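# A look at the structure
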Amino acid sequence: MKKILSIVLFIVAGYFIFNQVMDAPESNSLKRISKTYYQGEYQTAKSELEEFLKEYPNSTSGWAFLGLVNLELNDTLNAELGFKKGYELDSENDRAIVGLGVIERMRGNYEGARKYYEEAIKVNPRNPNAYSSLLMLELKNENYPKAVELGEKARSLNLINHRPGILGNLAIAYHYNNQFQERDETLQKLEIMNYQDLEYIKMIINGTVDLIDLL
């Protein structure tokens, strides 16, 4: 269940992209830590990030990344602190903004979450995570056509190879909008990509897990 919740609550299951201008040593350190993160070694990644932030205390990307890692460790309090610090250092850090939206959604503050997601889009109209996060809110509101629209917008940003979870959310939106052919085609793409959480997406689609309860 925790794994399913992580899929539904946070849609950053792809390569952690650093679009902030950074010195090479800082960027290289974060890329190295990202490899640890994507190997599922979250506690190690957290320790490495904490050491990194001692050297680069003003790294907005580092703080946002620490927020993400703490979410993976189910530590929402420190996740929020990480996202807030990243946001304080750079109010245009769209990753930190989306992260704060995730925290609000986990609290059941859906309007607060929406404001953060929409703010992230204003800052970076090419942030697919913001659109995919809004998709989940529209599913909760049973506005399925809008959910599909948002998912297709996220898909159009051509980052799917790094963020297949976005396709997973779109498959769910297609399912609820009765677009079964598009759903099945999307699931086939995820199979080709060897998406590790495909079975959980199928569980939601098959009704084994009630998506609305998870939202």
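Residues numbered from 1 in each chain as written. Predicted model: local features only at pLDDT ≥ 70, side-chain atom pairs only at ≥ 80, totals over all residues. Heavy atoms only, no water.

## Some remarks on the overall build of the chain
Check the secondary structure of the chain and you find 13 helices and 0 strands. Along the chain, helices and strands appear, N-terminal first, in the series α-α-α-α-α-α-α-α-α-α-α-α-α. Expressed as a percentage of the 215 residues in the chain, the buried residues total 52%. In the chain, the share of contacts with a sequence separation of at least 24, taken over all contacts with a separation of at least 6, comes to 58%. (Helix = DSSP H or I, 4+ residues; strand = E, 2+ residues; numbered from the N terminus. Buried < 20%, exposed > 50% of the residue type's maximum accessible area, 1.4 Å probe, protein only. Contact = heavy atoms within 4.5 Å.)

## Some details on the confidence of the model for the chain
Of all residues in the chain, 85% attain a pLDDT of 70 or more, and the chain-wide mean is 86. Between residues 1–21, whose pLDDT stays under 50, and residues either more than four places distant or in other chains, the model counts 73 contacts. (pLDDT = per-residue confidence, 0-100.)

## Details of unusual backbone geometry
Even without glycine at this site, Asn 74 takes up a positive phi of about 65°. Judged by relative accessible area, Asn 74 falls into the exposed class, the value being 55%. Positive phi outside glycine occurs at Asn 178, with the angle close to 60°. Mapped onto the fold, Asn 178 is located in the loop between helix H10 (164–176) and helix H11 (180–192).

## Regarding the packing of helix H9 (residues 144–156) against H10
In a pair of packed helices, the angle between the axes and the distance between the axes together describe the arrangement. Across the interface, H9 lies against H10 with an axial gap of 9 Å and an inter-helix angle of 155°. In terms of orientation, H9 and H10 fall into the roughly antiparallel class. Considering only the axes of H9 and H10, their crossing is left-handed. Contacts from Tyr 144, Ala 147, Val 148, Gly 151, Glu 152, Ala 154 and Arg 155 of H9 reach H10 at Ile 166, Leu 167, Leu 170, Ala 173, Tyr 174 and Tyr 176. Among the residues forming the contact of H9 with H10, the class breakdown is 10 nonpolar, 1 polar and 2 charged. (Axes fitted to C-alpha atoms, helices over the stretch in contact; angles between N-to-C directions. Parallel < 35°, antiparallel > 145°, perpendicular 65-115°, else oblique. Left-handed = near helix turned anticlockwise from the far one by under 90°. Nonpolar A, V, L, I, M, F, W, Y, C, P; charged D, E, K, R; others polar.)

## Considerations on the packing of aromatic side chains
Applying the stated rule across the entire model yields 5 aromatic pairs. With centroids separated by 5.4 Å and ring planes inclined at 50°, the aromatic side chains of Tyr 37 and Tyr 42 adopt a geometry described as tilted. Judged by its relative accessible area of 23%, Tyr 42 is partly exposed. Between Tyr 144 and Tyr 176, the aromatic rings sit 5.4 Å apart at their centres with planes inclined by 40°, giving tilted as the arrangement. Linking Tyr 144 in helix H9 with Tyr 176 in helix H10, this pair joins segments that are 32 residues apart in sequence. (Phe/Tyr/Trp six-rings, centres within 6.5 Å; stacked < 30°, edge-to-face > 60°.)

## Comments concerning helix H3 (residues 42–55)
Note on helix geometry: an α-helix contains 3.6 residues per turn, so any two residues three or four positions apart are oriented the same way. With 14 residues, H3 should reach 20 Å at 1.5 Å per residue; the first-to-last C-alpha distance of 20 Å fits that figure. Where H3 is concerned, the buried positions are Ala 45, Lys 46, Leu 49, Phe 52 and Leu 53. The buried residues of H3 occupy an angular sector of 125° when the element is viewed end-on, so they sit on one face. What points out from H3, more than 90 degrees from its buried face, is the exposed set Lys 54 and Glu 55. (Expected span 1.5 Å × (residues − 1). Arc of directions from axis to C-beta.)

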